[in-house]
Amino acid sequence: MSRKTTGAPAPSNDPVVAKAVDLYKTYGDTDSQVTALNHVSVDFRRGELTAIMGPSGSGKSTLMHCMAGLDVPTSGKVFVEDLEVSSMNQKQLTQLRRKEIGFIFQSFNLVPTLTAEENILLPLQIAHRPIDRDWFRKVVGVVGLENRLDHRPSQLSGGQQQRVACARAMMERPSVIFADEPTGNLDSRSSREVLGFLRQCVQEYGQSIVMVTHDPRAASFADRVLVLSDGSITQDMDHPTYDDILAVFAEHDDPDNGPVEVEPTAGKEA
Amino acid sequence: MFRIGLRDTKAHFRRFVMSIIAIALGVAFVVGSFCFREMLNDQVAQMMGSNSDADVYVRGATEQKEDGEGGVNSHTYNEISTDVIPDIEKVDGVASADATHQLGNAVLLDRNGDAMTTVGAPTLVIGFDEHDPWRSTHFVSGGYPRTDDAVALLEDTADKAGLRTGDTAKIVIDGEVHEMTVSGVFTSPSTQLGAILILARPSFVEHQLQEEGEDTSSVQYIGVYGDKTTPLDEAAQQQLADRINEMLPKSADAHAVTGASVRDESTKSIQDQLGFIQPLILIFAAIALFVGAFIIANTFTMIVRESMRGYALLRSVGASPLQVFASVLIQAVILGLVGSGIGVLLGWGLLEAIAKGMTSGGMPLSGSPAPSATDVIIGVIVGVVVTIIGATLPAKTAATAPPIQAMNETVNPEKPVKARGWLGIAMVVIGAAFWVLCYLDAAKTVDWQWLNDLGSGWTLGLGAGFVVIGAIVCAPAFVAPAAKVLGWVPSKMFPVTGKLATRNIGRAKRRTANTAAALFIGVAIVSCLGVVATSMKTSVSNLVDNNVNADYVAMTASMSQPISTKAVDAIEDTDGVGASSPIYMLPTVKVANATEDIMPNTGNIDLFTKIAPIAQQDGDAAKAVEDGEAAVGRTIADDEHWKIGDVIDLESENTSVDEEATKQASEAYQKQVEQQATALQQEAQQLAASGDVSGAQAKAKEAEDVVKQAQDVDPKQFVKMKTETKKEQVRIGAIIDDSLYADGVMISLPTAEKLTSKDMMMVTQMYVQAEPGADVEHLGKDLKETVKPFYTVSVLTRDEFKSSMSSMINSMLAIIYALLALSIIIAIFGIVNTLALNVSERTKEIGLLRAIGTSNGQVRGMLAIEAVILSVFGTIVGIVVGVAAGVVIRAAYESQGMTTLTIPWDQLVLFLVVAVLVGLVASISPARRALKQPVLDAVASE
């Protein structure tokens with residue numbers, strides 16, 4: 001097993017960290033087939049925060065799951081750092097998750113029996129990799145959890161939990177972090193903190209992040225916003241403003257999305 | 001709702017497999033225990049039917065008070081004289097009447113001259129011949145013995161001994177070898193459970209009994225056949241009994257009853273004696289059912305958790321809580337029925353296997369162990385009730401959870417376990433206090449009257465009850481600390497998975513504790529028995545090592561076959577024998593002024609001085625016995641409150657042949673015959689005088705016949721017995737502390753001989769010491785040569801002697817391991833199930849772990865460590881409680897020979913190793929289930 005050296009993300013000249021080539025994904029049997037991804041091809045650039053947006057059922061989550069090796073496309077290929085994810089077996093996938101990929105989920109990001117610190121260090125320990133204490137302190141400092149390290153997840157607020165999850169994803173310095181609705185369960189203040197942290201990771205440490213969200217405000221933190229509709233990419237915006245994004249959705253006039261001003265379901269935090 | 005329940009059952013069937021197995025096992029034990037009892041009862045009833053097959057029994061009319069010993073249900077009556085037999089035979093409808101005698105102390109030698117042994121079944125020589133036949137038998141070859149040196153053998157016996165009709169069989173009776181011709185081989189309707197049955201002429205059997213001092217003229221029962229080939233029905237039996245009763249004189253103090261009633265009575269009394277086996281099996285049935293109920297509760301918790309949305313939907317469209325409750329409970333009922341059905345079959349199969357095993361082990365059984373309708377019904381009811389109990393709580397959760405909460409998947413935090421912990425600890429403390437009391441009482445540290453009155457049985461039992469239940473109650477409170485301690489090693493070996501597993505263990509404390517409880521109870525029972533058995537073993541061997549200086553021990557094959565006086569003499573006369581002493585038991589002698597039955601022993605003075613010298617005593621036992629005084633063991637002296645100088649009254653009831661009466665009876669018979677002959681001759685003369693020549697000749701012939709018949713008559717039948725009681729008063733000269741003597745009363749040989757004859761003393765052991773300077777090994781060879789002609793006597797070296805004494809303990813240990821295996825199997829189910837529930841609850845968490853790079857091996861490892869911690873936790877608590885119980889039991893029975901405490905460390909370590917393996921095995925299937933779940937399903941946020 002070739003271990004990745006610790007330090008900054010693997011130096012690579014390739015500006016593309018991950019890409020989808022002609023991805024096609026259907027669910028269900030022939031009678032009631034649903035096409036989630038309709039021949040999507042896209043490159044994710046290194047050192048960028050890419051947001052994937054779209055209404056429910058647009059295929060944005062499926063795209064990310066296929067990219068992250070959590071789901072297998074019906075046809076087409078997925079590459080992360082030039083490794084073909086779509087043809088990997090379980091063992092290779094495990095190695096991929098240990099070295100190249102970090103995850104932040106909408107909820108249930110942390111192991112409830114472990115403290116914040118243990119959760120942050122968990123991926124490294126699982127992979128039997130040495131712990132870079134300086135990097136740890138830096139990451140913890142950025143997410144502002146210095147005083148919460150020996151707390152269990154149940155003793156942390158939703159925003160704090162999500163920040164721990166971010167720190168954990170950053171700790172292993174993967175090639176790319178996939179974030180699935182990372183602010184979906186948070187109130188606006190916590191959302192801003194988390195998004196700010198992700199932004200900082202990209203800007204200061206050159207981390208590549210792919211984030212799925214249907215919150216235009218969250219997407220406005222991104223370097224690039226992809227909009228999916230019915231399994232196809234309909235928009236590819238570079239550094240859009242909040243208003244740009246709103247405009248796109250107003251155009252679409254998708255009733256599913258509802259009034260854009262409304263924040264998603266309020267989090268637990270007061 | 002019923003249809004929903006039915007459909008859900010189908011959908012969850014795979015889930016239910018484990019619950020079904022658990023219920024099936026529990027029900028199998030319940031049904032098996034009932035079947036087993038019935039099978040034994042059948043065997044007993046069958047044996048009674050074929051062995052006590054008379055149509056009418058004549059027995060004593062006055063019921064005797066029994067001294068609380070033996071079966072509760074056995075009635076004994078006064079003995080009746082065999083004198084009434086001729087009168088009974090004259091009663092209309094009586095084909096034969098006979099008092100059957102049997103010898104229980106014979107040993108049959110097989111073809112090769114080796115003594116035949118049985119698995120617990122007796123060897124019996126029974127007096128039957130053509131005149132007094134045994135109706136139930138059927139001869140496959142030959143017939144009844146016609147002479148005193150012939151015997152007939154049961155087919156099973158003949159086959160095992162390799163003997164056939166016409167062969168010569170060697171039978172050792174009271175140390176004497178009899179060479180007898182096999183006159184025939186017979187079968188009986190019952191298999192006789194492997195007993196060795198030998199038929200000999202009644203006169204031979206009676207003679208042997210008389211030699212041994214048994215009074216054959218008075219018996220418990222006289223068997224009457226109404227027909228020599230076919231049994232009478234009950235009404236005919238009753239009529240015959242009534243006719244006999246009319247005839248019986250009041251002075252005979254006898255009463256005739258039907259054969260059926262006697263058979264019922266004795267069948268019942270034997271069955272009661274065998275009754276203890278069932279509760280033993282039922283304990284394990286209870287463990288299995290406890291685990292079963294628990295597994296079902298777990299399984300339903302899982303199912304309900306997964307179906308919560310469905311129930312919420314049902315509720316939101318208007319289903320009442322009761323309807324939801326019913327839909328869950330219906331599944332439980334179906335489950336219970338299926339499990340019980342399988343359990344009934346399993347129990348039946350188990351019994352068939354046991355029956356087969358016993359048959360091949362030399363204890364053939366007849367009849368089928370098939371469960372009766374009642375067994376099946378009991379089994380099914382138990383199974384269904386247990387299932388419903390297990391499912392009730394989850395069903396209630398399903399029914400009462402508010403629809404909104406049900407929609408959100410949240411694991412409710414556990415209720416705190418602190419209160420339970422304290423309650424449990426309090427119970428354990430109370431239990432331990434009882435044990436300490438028991439221990440102190442046994443060690444005589446305290447002497448409180450009420451404690452003595454309570455007895456060690458109560459303190460032991462109450463203590464065990466409190467400790468076991470208390471341990472189960474408080475266990476959840478100790479799960480987390482225990483996990484920390486037990487998880488230390490795996491956490492060092494596997495830093496991540498070990499840590500995760502250790503913390504996971506503490507999450508569902510009650511569930512963890514309950515799972516461990518199944519293992520805990522089994523291991524506690526087994527390690528307690530283990531400590532007791534090993535202590536017994538070392539006590540015996542220490543006793544021999546420290547207290548017995550004999551080089552060789554001569555022993556008999558069985559208690560009923562003592563070493564004969566001739567053998568004792570032969571051993572004493574062997575070259576190179578120095579000090580030696582037989583241990584004489586005096587079965588006819590009683591201590592009349594003791595509260596309990598005490599049978600004194602006697603031996604040579606060498607016993608006290610050379611062979612088993614006494615280390616601690618008050619007075620001087622050797623001198624006391626030499627002076628004709630008694631030496632009493634400390635235990636007995638304490639129990640009876642005897643001191644040195646007290647006097648014990650010894651009484652012996654001796655039965656012997658009354659020469660005088662025998663002679664008189666014989667002469668009386670002669671006289672009677674003479675008179676009869678004279679009378680007939682006179683008649684013949686009268687007839688001759690009256691000219692009837694042929695009539696006269698016939699009469700003369702008759703007279704001749706009478707005389708001839710009288711000559712043929714066996715003189716043994718006139719033997720009369722007499723009983724006389726001899727009394728001696730003996731002063732207690734010494735009290736011995738040594739455990740070898742602690743529960744005995746030793747008197748001197750001359751005193752014993754004053755009380756009873758040497759023939760009446762039984763020698764079961766004889767200790768031999770080599771002469772100073774003699775070659776010990778050579779002596780061993782000589783001794784073995786010496787005892788060869790006595791067949792049943794064997795000479796053992798010290799080591800052989802020790803192992804012979806612990807062989808019984810070894811077979812007890814074998815049973816212990818079988819029980820352990822059983823509780824392990826049940827415990828594995830519990831652990832597998834608990835892990836499966838844990839995995840189902842942690843689907844998301846395991847998905848998360850895998851998403852961030854946990855390999856399949858690491859997930860397996862984590863669950864394996866959890867399972868191992870769980871099983872080791874249960875095992876350690878079990879070992880601690882079991883060993884503590886063993887220590888107390890050992891102390892309580894110290895005075896009965898368990899002098900040394902030995903804890904079988906190797907066994908305990910083995911238990912722990914097994915516990916680790918159990919955990920590893922149990923984690924396989926839940927881990928597979930955890931890994932089957934796609935990572936995406938687990939982490940995708942819906």
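Residues numbered from 1 in each chain as written. Chains lettered and ligands numbered in written order. Predicted model: local features only at pLDDT ≥ 70, side-chain atom pairs only at ≥ 80, totals over all residues.

## Examining the overall build of chain B
Right, so step 1: When its secondary structure is counted, chain B shows 29 helices and 27 strands.
Right, so step 2: The principal-axis extent of the C-alpha atoms belonging to chain B is close to 130 × 75 × 55 Å.
Right, so step 3: The buried share among the 942 residues of chain B stands at 46%.
Right, so step 4: Contacts spanning at least 24 positions in sequence make up 84% of the contacts within chain B whose residues lie at least 6 apart. (Helix = DSSP H or I, 4+ residues; strand = E, 2+ residues; numbered from the N terminus. Buried ≥ 20, exposed ≤ 12 C-beta atoms within 10 Å, placed from the backbone. Contact = placed C-beta atoms within 7 Å.)

## Considering the overall build of chain A
Right, so step 1: Helix and strand counts for chain A come out as eight helices and 10 strands.
Right, so step 2: Residue pairs at least 24 apart in sequence account for 71% of intrachain contacts in chain A once pairs closer than 6 positions are excluded.

## Regarding the sheet that holds strand E16 (residues 254–258) of chain B
All names here are of chain B.
Right, so step 1: Taken together, four strands build an open sheet; the order of strands is E5-E15-E1-E16 and the sheet is antiparallel. Strands with a single pairing partner mark the edges of an open sheet, and in this sheet they are strand E5 (96–98) and E16. Going across the sheet, the axis of each strand differs from the next one's by a mean of 25°, ignoring polarity.
Right, so step 2: Of the pairings in the sheet, the one linking strand E1 (residues 56–60) to strand E15 (residues 221–225) comprises four bridges and is antiparallel in character. (Pairing = 2+ DSSP bridges. Axes fitted to C-alpha atoms, helices over the stretch in contact; angles between N-to-C directions.)

## Concerning helix H16 (residues 509–547) of chain B
All names here are of chain B.
Right, so step 1: With 39 residues, H16 should cover 57 Å at 1.5 Å per step; its first-to-last C-alpha distance of 53 Å lies within 8% of that length.
Right, so step 2: A bend of about 30° at Ala517 is the largest found in H16.
Right, so step 3: With 30 of its 39 residues buried, H16 lies for the most part within the structure. (Expected span 1.5 Å × (residues − 1). Bend = angle between axes of the 7 residues up to and from the residue.)

## Thoughts on the interface of chain B and chain A
Right, so step 1: Counting residues at the interface gives 21 residues for chain B, matched by 23 residues for chain A.
Right, so step 2: Counting only elements with at least two residues in the side of chain B that touches chain A, the list comes to helix H15 (495–505), helix H26 (843–851), helix H27 (856–892) and helix H29 (935–939) of chain B.
Right, so step 3: Its residues assigned to classes, the side of chain B that touches chain A comprises 10 nonpolar, seven polar and four charged. (Nonpolar A, V, L, I, M, F, W, Y, C, P; charged D, E, K, R; others polar.)

## Quick notes on the domain arrangement of chain B
Right, so step 1: Split into domains, chain B comes out as domain 1 (56–270), domain 2 (558–656 + 722–791) and domain 3 (659–719).
Right, so step 2: Domain 1 of chain B and domain 3 of chain B are separated by 32 Å when their C-alpha centres are compared. (Domains from an automatic or database assignment.)

## Concerning the sheet that holds strand E8 (residues 208–212) of chain A
Residues and elements named next belong to chain A.
Right, so step 1: Spatial ordering of the open sheet is given by E6-E7-E8-E3-E9-E10, a layout of six strands whose pairing is mixed. The sheet is open, and its two borders are formed by strand E6 (101–104) and strand E10 (232–238), each paired with just one other strand. The mean inter-strand angle of the sheet, taken between neighbouring strand axes irrespective of direction, is 20°.
Right, so step 2: As judged from the four bridges shared by strand E3 (residues 49–53) and E8, these two strands associate in the parallel manner. In the strand pairing of E8, Ile52 is matched with Val212.
Right, so step 3: In this fold helix H5 (residues 158–171) packs onto E6 and strand E7 (176–180), with an angle of close to 180° to the strand it touches most, E6.

## Some words on helix H4 (residues 133–143) of chain A
An α-helical turn contains 3.6 residues, so a residue and the one three or four places further along point in the same direction.
Residue and element names in this part refer to chain A.
Right, so step 1: Among the residues of H4, Val139, Val140 and Val143 are the ones counted as buried. Angularly, the buried residues of H4 cover 95° about the axis, an arc narrow enough to put them on a single face. Of the exposed residues in H4, the ones pointing more than 90 degrees away from its buried face are Asp134, Arg137 and Gly141.
Right, so step 2: Taken together, the buried residues of H4 touch H5 and helix H6 (188–205).
Right, so step 3: Just downstream of H4, Gly144 is the residue with a positive phi angle, here 70°. (Arc of directions from axis to C-beta.)

## What to know about the pairing of E3 of chain A
Residue and element names in this part refer to chain A.
Right, so step 1: Across the five residues that make up E3, a large majority, five, are buried.
Right, so step 2: Because side chains alternate across E3, one face comprises the buried residues Leu49, Ala51 and Met53, and the other comprises Thr50 and Ile52, equally buried.
Right, so step 3: Pairing between E3 and strand E9 (residues 224–229): four bridges, direction parallel. Bridge assignment links Ile52 to a residue of E9, and that residue is Leu226.

## Notes on the confidence of the model for chain A
All names here are of chain A.
Right, so step 1: When the pLDDT values of chain A are averaged, the result is 82; 88% of them are 70 or greater.
Right, so step 2: In the predicted structure, residues 1–10 sits below a pLDDT of 50 and forms 13 contacts with residues beyond four places in sequence or in another chain.
Right, so step 3: With pLDDT under 50 throughout, residues 260–270 is counted as low confidence; its partners more than four residues away or in other chains account for 19 contacts. (pLDDT = per-residue confidence, 0-100.)

## Comments concerning the packing of helix H12 (residues 418–443) of chain B against H27 of chain B
Packed helices, taken two at a time, are described by the angle their axes make and the gap between the axes.
All names here are of chain B.
Right, so step 1: At a closest axis distance of 8 Å, the pairing of H12 and H27 adopts a crossing angle of 30°. The angle between H12 and H27 falls in the class roughly parallel. Taken as a pair, H12 and H27 cross one another with a handedness that is left-handed. On H27, the residues that touch Trp435, Cys438, Tyr439, Ala442 and Ala443 of H12 are Ala884, Val888, Ala891 and Ala892.
Right, so step 2: The class makeup of the residues in the contact of H12 with H27 is nine nonpolar, no polar and no charged. (Parallel < 35°, antiparallel > 145°, perpendicular 65-115°, else oblique. Left-handed = near helix turned anticlockwise from the far one by under 90°.)

## Regarding unusual backbone geometry
Right, so step 1: Unusually for a residue other than glycine, Glu81 of chain A sits at a positive phi of about 50°.
Right, so step 2: Assessed through the 21 C-beta atoms surrounding it within 10 Å, Glu81 of chain A is described here as buried.

## Some details on the environment of Thr565 of chain B
Right, so step 1: Residue placement: Thr565 of chain B occurs in helix H17 (residues 565–573).
Right, so step 2: In this structure, the C-alpha to C-alpha distance between Thr565 of chain B and Ala851 of chain B, residues 286 residues apart in sequence, is 87 Å.

## Considerations on the packing of H16 of chain B against H27 of chain B
All names here are of chain B.
Right, so step 1: As a packed pair, H16 and H27 sit with axes 6 Å apart at the nearest point and diverge in direction by 35°. Pair H16 / H27 crosses with right-handed handedness.
Right, so step 2: Split into classes, the residues belonging to the contact of H16 with H27 amount to 20 nonpolar, 11 polar and one charged.

## Quick word on the environment of Ser75 of chain A
Residue and element names in this part refer to chain A.
Right, so step 1: Secondary-structure assignment places Ser75 in strand E4 (residues 75–80).
Right, so step 2: For Ser75, a count of 12 C-beta atoms within 10 Å corresponds to the exposed category.
Right, so step 3: Along the primary structure Ser75 and Ser86 are separated by 11 residues, whereas in three dimensions their C-alpha atoms are 9.0 Å apart.

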